[in-house]
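A look at the structure
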Amino acid sequence: MAAETPRQYVPLTCHGHLRPVPHISFSPLEKDDGYYLISACKDNNPMLRDGQTGDWIGTFIGHKGAVWQARLSPDAATAATASADFTARVWDTHTGELLVTLQHDHIVRAVAYPPDNSDLVATGGYEKKLRIFDLTEMRPKSATESAANGDAAVEPCTIPASSAFEIGAGIHTTFIKFIVWTKDPNILITASGNTLRWFDLPSRSVVKQEVLDGEIGSCEFCALAPDYTSKTDIGEGLPVLAVAAGKFIYFWSGLRAMDELKRTKLGYKVASVAVDPRGRKIIVGEDNPATWARVYRWDDDVEIDIHKGHHGPVWSVAFSPDGKLYATGSEDGTIKLWKNCEGFYGLWRGGAGGGTERNAE
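Residues numbered from 1 in each chain as written. Predicted model: local features only at pLDDT ≥ 70, side-chain atom pairs only at ≥ 80, totals over all residues. Heavy atoms only, no water.

1. Overview of the sheet that holds strand β17 (residues 195-200)
Quick reminder of the rule: Pairing between strands is defined by DSSP: at least two bridges between them are needed. Numbering of helices and strands runs from the N terminus; a helix is a DSSP stretch of H or I covering at least four residues, while a strand is a stretch of E covering at least two. Axis definition: a line fitted to C-alpha atoms, limited for helices to the stretch in contact. Angles are taken between N-to-C directions and run from 0 to 180 degrees.
The strand order across the open sheet built from four strands is β15-β16-β17-β18, with neighbouring strands paired in antiparallel fashion. On the outer flanks of this sheet lie β15 (176-181) and β18 (205-211), each paired with one strand and no other. Shown here is a sheet whose adjacent strand axes are inclined to one another by a mean of 20°, direction ignored. Note: β15 against strand β16 (residues 187-192), five bridges, orientation antiparallel. Paired with Trp181 across the bridge in β16 is Leu188.

So, in structure tokens, the structure goes:
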């Protein structure tokens, strides 16, 4: 039986970057049901956007090399970026000002916050070292905090890597490409080469390891906001770890993301993957030389849609915290937002199909 034809919605295209976009991620849901999208780019300039519309809010200026990853803190008050200029940086998302420079001795590829703590940042990269920085006492007050207290703006500070806690010294044999923090704040996962490692932070040791089909292209948690989750979701309401490696896509869930849900082999090399736990849908970005993103049903792996809008490999895929859209970031320097719900939402004002792509401001 042929798969049903999904309803086609015109995507929104976010321009502004001048080089490839290797990573995108959303903030948690805000009180007004709004949220933000942050993008890393090899043009050195990560950007912050309105997550629903893709409209540009601001650019974080200061990196001297390609920015490989960018993430927003759980409270969305700060953003952390990882760069080829041997630094990770923490920014004030309200003003765009630099708060902290985390100085490293080589390229930084990965950065991560815990799910419920905006004062801890984990970094990894070409030094092959997993580090955790506690910013509680180190970072200056943001401009927002300073203004509230009647203080003058505080100069940003630089924290050397030697001030961080190193986890699992000597364990990584290739550079660290991704770091994700599980729902259990004591467990952190790294992606390095073709290997996933689960670290127990109190003991600083590896408690689980998985060798995958090939070099890991993406490793991200897919989690909806609490008001949008239920026990009937994939992962039973807990975040789902989605990993692309070689020609396989892998999924784990559970409090520590140690329970494998499924793995699927595809007929092409994959660059990125994300899952919609409620809608039971998988989005896969193809690696070189392809430029498409493919959509599959979770339950039977049947392909139900193909997105052909990009002109380069899709390096990153992410679902919004309400699950009503997903974003793709590409080698072509653009970000596209794809509607994942019925009815009015964001800049989509009605029906499906027809028309030309719209551009976010």
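2. What about the nonpolar core?
Cut-off, in case you're wondering: Joining through side-chain atoms within 4.5 Å is the link that ties buried Ala, Val, Leu, Ile, Met, Phe, Trp, Tyr and Cys residues into a set, and such a set is a nonpolar core. Burial classification: accessible surface area is computed with a 1.4 Å probe over protein chains only, and a residue below 20% of its type maximum counts as buried, one above 50% as exposed, and the rest as partly exposed. Contacts are assigned to residue pairs that have any heavy atoms within 4.5 Å of one another.
One finds Ile249, Phe251, Val273, Val275, Ile282 and Val284 to be the most contacted residues of the largest nonpolar core, which totals 26 residues. The dominant element in this core, judged by the number of residues it contributes, is strand β23 (residues 270-276), at four residues. Filtering out sequence-adjacent residues up to four positions away, Phe251 remains in contact with Val240, Leu241, Ala242, Asp259, Glu260, Leu261, Lys262, Val273, Val275, Ile282 and Trp298.

3. Focus on the environment of Ala290
Inspection of the secondary structure assignment puts Ala290 in the loop between β24 (281-286) and β25 (293-297). When the C-alpha atoms of Ala290 and Lys269 are compared, they prove to be 9.1 Å apart, with 21 residues separating the residues in sequence. Residues in contact with Ala290, not counting those within four places in the same chain, are Gly312 and Pro313.

4. Overview of the sheet that holds strand β22 (residues 259-265)
An order of β19-β20-β21-β22 is seen for the four strands of this open sheet, with the pairing classed as antiparallel. Either end of the sheet is taken by a strand with one partner, and the two such strands are β19 (216-222) and β22. Adjacent strand axes in the sheet meet at a mean angle of 15°, parallel and antiparallel pairs treated alike. Bridge count between β19 and strand β20 (residues 240-245): six bridges; the pairing is antiparallel. Looking at β20, one finds that Cys219 is bridged to Val243.

Fair warning: the whole summary comes from geometry, so function is off the table for now.
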